[in-house]
Amino acid sequence: MTDTAVAPPSARTRIRRIAENADYQRSTLHAIIDAAYVCHIAFVDDKGTHNIPTACWREGEHLYIHGSNGGRLLKLLAGGTQACVAITHVDGLVLARSAFNHSMNYRSAVIYGSFERVTEDATKRAAMDAFMDKLAPGRNADIRRGSDKEFAATTVMRIALDEAVCKVRTGPPIDDAEDMDIAVWTGVLPLEHRHAAPVVDAPGPGGVPDYVRQWHSDATV
C-alpha cells in the first residue's frame with residue numbers, strides 16, 4: 001500500500017495548533033498503534049464523560065479491543081456511540097532557554113468514529129490470535145487456546161482508521177531569538193521503552209522459547 005494520507009482531514013482531525021507537527025500518513029498511524037499496548041478511549045454516557053485505558057492491537061485498517069461481555073465500555077460502544085481513541089509515546093524532554101519553550105518529543109495518534117462488534121466466530125478467534133501474536137509472536141503454539149466458553153464471554157470490537165490524525169515532534173529545542181544569549185544547558189533528555197530481562201515463573205519443558213529470547217535481545221522499542 002502506498003504511503004498516502006489516512007483521509008482528507010476532517011473538522012475533528014485537522015491540526016491547527018503547531019500544524020507543522022501534523023502527520024496524516026497511514027504508515028505513521030500504523031507504526032504508532034503497533035508500538036502501543038494500551039490506548040485510551042473517551043466517550044460520553046448518561047453519567048458523564050469517561051476516558052478508559054484498554055489493551056489494543058491493529059489488523060489492517062482497524063484498531064481492535066476486547067473485554068468481558070458485561071463491561072460498561074464494550075456494552076456502550078456496541079450501541080454505536082461515538083468514541084475518541086488516543087495513543088501517545090513520549091520520546092524525550094526538550095529543555096530550552098525559556099520555561100515556555102520547553103517541550104517534549106512525542107508520537108501521538110487520535111482516532112474518531114464508532115466501534116463495531118466482531119460477530120463471526122472464526123474472525124473473532126483470528127483477531128484474538130493476532131492479539132497474542134502482538135504480545136509474543138509464536139506464543140499461540142505453546143499455550144491452551146481459548147475455550148468455547150471463554151470466547152462466548154468475550155466481546156471483540158474494532159474501529160476503522162478512516163478518521164484519524166497523528167502529531168509528531170522530534171528534534172532540539174526551538175528558542176526565541178532574544179533568548180539565545182542566555183547561558184544555560186539546552187538539549188533533549190531522551191526517554192526509551194526498554195525490554196528488560198524476562199522473569200521466569202515456570203521454565204517449561206523445552207527451554208527458553210525463541211520469542212522470550214527475542215524479547216530480551218530487543219534493546220528498545
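Calculation criteria
- Residues numbered from 1 in each chain as written.
- Predicted model: local features only at pLDDT ≥ 70, side-chain atom pairs only at ≥ 80, totals over all residues.
- Heavy atoms only, no water.
- Helix = DSSP H or I, 4+ residues; strand = E, 2+ residues; numbered from the N terminus.
- Contact = heavy atoms within 4.5 Å.
- Areas by Shrake-Rupley, 256 points an atom, 1.4 Å probe, with all protein chains shown as cover.
- Lys, Arg positive; Asp, Glu negative; His and termini not counted.
- Charge placed at Lys NZ, Arg CZ, Asp CG, Glu CD.
- Pairing = 2+ DSSP bridges.
- Axes fitted to C-alpha atoms, helices over the stretch in contact; angles between N-to-C directions.
- Phe/Tyr/Trp six-rings, centres within 6.5 Å; stacked < 30°, edge-to-face > 60°.
- Buried < 20%, exposed > 50% of the residue type's maximum accessible area, 1.4 Å probe, protein only.
- Core = buried A, V, L, I, M, F, W, Y, C linked by side-chain atoms within 4.5 Å.
- Salt bridge = Lys/Arg side-chain N within 4 Å of Asp/Glu carboxyl O.
- Patch = residues over 30% accessible without salt bridge, like charges linked within 9 Å, V, L, I, M, F, W, Y side chains within 5 Å.

> Break down the overall build of the protein for me, with residues and values.
Scanning the protein from terminus to terminus reveals five helices and eleven strands. With the C-alpha coordinates of the protein rotated into their principal frame, the extents come out at 70 × 50 × 40 Å. Considering only contacts in the protein between residues 6 or more positions apart, those separated by 24 or more positions represent 70%. Total accessible area computed for the protein in this model is approximately 13100 Å², and 56% of it derives from carbon and sulfur atoms. The centroid of the 24 positive side-chain charges in the protein is displaced by 5 Å from the centroid of its 28 negative side-chain charges.

> Which residues make up the sheet that holds strand E9 (residues 154-160), and what values do they have?
Paired through their backbone hydrogen bonds, the strands of a sheet run either parallel or antiparallel. Here we have four strands laid out as an open sheet, ordered E4-E5-E9-E8, and antiparallel in their pairing. Each edge of the sheet is formed by a strand with only one pairing partner; in this case those strands are strand E4 (57-59) and strand E8 (116-117). Bridge count for E8 against E9 is two bridges, and the pairing is antiparallel. Looking at the pairing, Glu116 lines up with Arg158 of E9. The sheet contacts of helix H3 (residues 121-135) involve E4, strand E5 (62-68) and E9, and relative to E4 the element is tilted by about 125°.

> With reference to specific residues and values, describe the packing of aromatic side chains.
As enumerated under the stated definition, the model contains two aromatic pairs in all. An angle of 25° between the planes, with centres 4.5 Å apart, marks the rings of Trp57 and Phe131 as stacked. Residue Trp57 is located in strand E4, and its partner Phe131 is located in helix H3; the two are separated by 74 residues in the primary sequence. The class of Phe131 is buried, set by a relative accessible area of 11%. The rings of Trp57, Tyr64 and Phe131 are connected pair by pair, giving a single aromatic cluster.

> How would you sum up the environment of Ala109? Please name residues and give values.
Structurally, the position occupied by Ala109 is in strand E7 (residues 103-114). In contact with Ala109, other than residues within four places in its own chain, are Leu29, Ile32, Val85, Ala86, Ile87, Val165 and Cys166.

> Describe the nonpolar core, listing the residues and the values that go with them.
Ranked by internal contacts, the top residues of the largest apolar core, which has 24 residues, are Ile41, Leu63, Ile65, Ile111 and Phe115. Not counting chain neighbours up to four residues away, the residues in contact with Leu63 comprise Ile33, Cys39, Cys56, Trp57, Val85, Ile87, Ile111, Phe115, Met157, Arg158, Ile159 and Leu161. Membership of the second largest hydrophobic core comes to eight residues, among which are Tyr64, Ala127, Phe131 and Phe151.

> I'd like a description of the pattern of salt bridges, backed by residues and values.
Evaluation of the coordinates by the stated rule reveals 13 salt bridges. For Arg58, the salt bridge identified is with Asp34, shortest N-O distance 2.8 Å. Taken as a pair, Arg58 in strand E4 and Asp34 in helix H1 (residues 26-34) lie far apart in primary sequence, 24 residues in all. Overall, Asp34 belongs to the partly exposed group, its relative accessible area being 37%. Salt-bridge contacts for Lys47 lead to Asp46; the nearest nitrogen and oxygen are separated by 3.8 Å.

> Now, about the pairing of E7: what can you tell me, with residues and values included?
Relative to E7, strand E6 (residues 82-95) is paired through twelve bridges, and the arrangement is antiparallel. Paired with Val90 across the two strands is Tyr106, which belongs to E7. Pairing of E7 with strand E10 (residues 163-169) involves seven bridges; the strand directions are antiparallel. Opposite Ala109, over in E10, you have Cys166 as the bridge partner.

> Requested: an account of a nonpolar patch on the surface, with residues and values cited.
Together, Val90, Leu93, Met104, Ile182, Val184, Trp185, Leu189 and Leu191 make up a nonpolar patch on the protein surface, roughly 680 Å² of accessible area in all. Its relative accessible area of 54% is what places Trp185 among the exposed residues.

> Provide a residue-level description of the environment of Val168, including the pertinent values.
Looking at where Val168 falls in the secondary structure, it is placed in strand E10. Looking at Val168, the relative accessible area reads 22%, which means it is partly exposed. Excluding residues within four positions of it along the chain, Val168 makes contact with Asn21, Thr28, Tyr106 and Arg107.

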